[in-house]
Each structure stands twice: as C-alpha cells, then as structure tokens.
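Notes for the structure review
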Amino acid sequence: MNSSPSVSIKAVVLICLGNTVIFDASSASDPDGDTLEYYWSFGDGTILKSGPKVSHEYKQGGNYRTTVIVDDA
C-alpha cells in the first residue's frame, strides 16, 4: 500500500508588486521514501512543475492563493 506524502508551506502575508516571492515546500516527506514531484499553482493562472523551492513574481496587485501538490507517483 502506498502512503500519501505530507507537506506544508508558510503563508506570505504582504509583498510589494514586482518583488520575487520564494516558496518553500522542502518540508515535504513521504513515509515510503518515494521520489516526490511538486506542482505549484500561484493563483494568477501560472502553474509550474518544479522542485520543492520556487520563486514567482506577481504582475498585478491583489490577493492570491498559492497551492502545491506533492505527488509520489
């Protein structure tokens, strides 16, 4: 049986428009030791398959919800 991985990212409260935001999901772990893939959604239409640490720059002001899906295949 394959166990689900777990992950958490910290909220970024405020940033200035045009500044790069760094997101870190390196706390992700998998009880089975499987290799993890990360799928990031930045809330502005940008979706990225990347590693546990990514950066993103928002082009318009507003409130955005960033999510990460961690997949262990």
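Refer to the preceding data block for the structure.
Remember, predicted model here, so these are calculated numbers, not experimental data.

1. Looking at the pattern of salt bridges
Between side chains of opposite charge, a pair can form when the charged atoms approach closely. One pass over the full model with this rule turns up two salt bridges. As a salt-bridge pair, E37 and K49 come within 3.5 Å of each other at their nearest N and O atoms. In this pair, E37 sits in strand β2 (residues 37–41) while K49 sits in strand β3 (residues 47–50), placing the two residues 12 residues apart along the sequence. Owing to a relative accessible area of 31%, E37 belongs among the partly exposed residues under this scheme. Residue class for K49 comes out exposed when judged on its relative accessible area of 54%. Note that E57 is salt-bridged to K59, the shortest N-O span being 3.5 Å.

2. Structural notes on the sheet that holds strand β5 (residues 67–71)
Strand order in the open sheet formed by three strands is β3-β2-β5, and the pairing between neighbours is antiparallel. Taken across any chain shown, the strands that pair with only one partner, and hence form the sheet edges, are β3 and β5. Recorded for the sheet is a direction-independent mean angle of 20° between the axes of neighbouring strands. By the bridge criterion, four bridges tie β2 to β3 in an arrangement that is antiparallel. Counterpart to Y38 in the pairing with β3 is S50.

Criteria and cut-off values
- Residues numbered from 1 in each chain as written.
- Predicted model: local features only at pLDDT ≥ 70, side-chain atom pairs only at ≥ 80, totals over all residues.
- Heavy atoms only, no water.
- Salt bridge = Lys/Arg side-chain N within 4 Å of Asp/Glu carboxyl O.
- Helix = DSSP H or I, 4+ residues; strand = E, 2+ residues; numbered from the N terminus.
- Buried < 20%, exposed > 50% of the residue type's maximum accessible area, 1.4 Å probe, protein only.
- Pairing = 2+ DSSP bridges.
- Axes fitted to C-alpha atoms, helices over the stretch in contact; angles between N-to-C directions.

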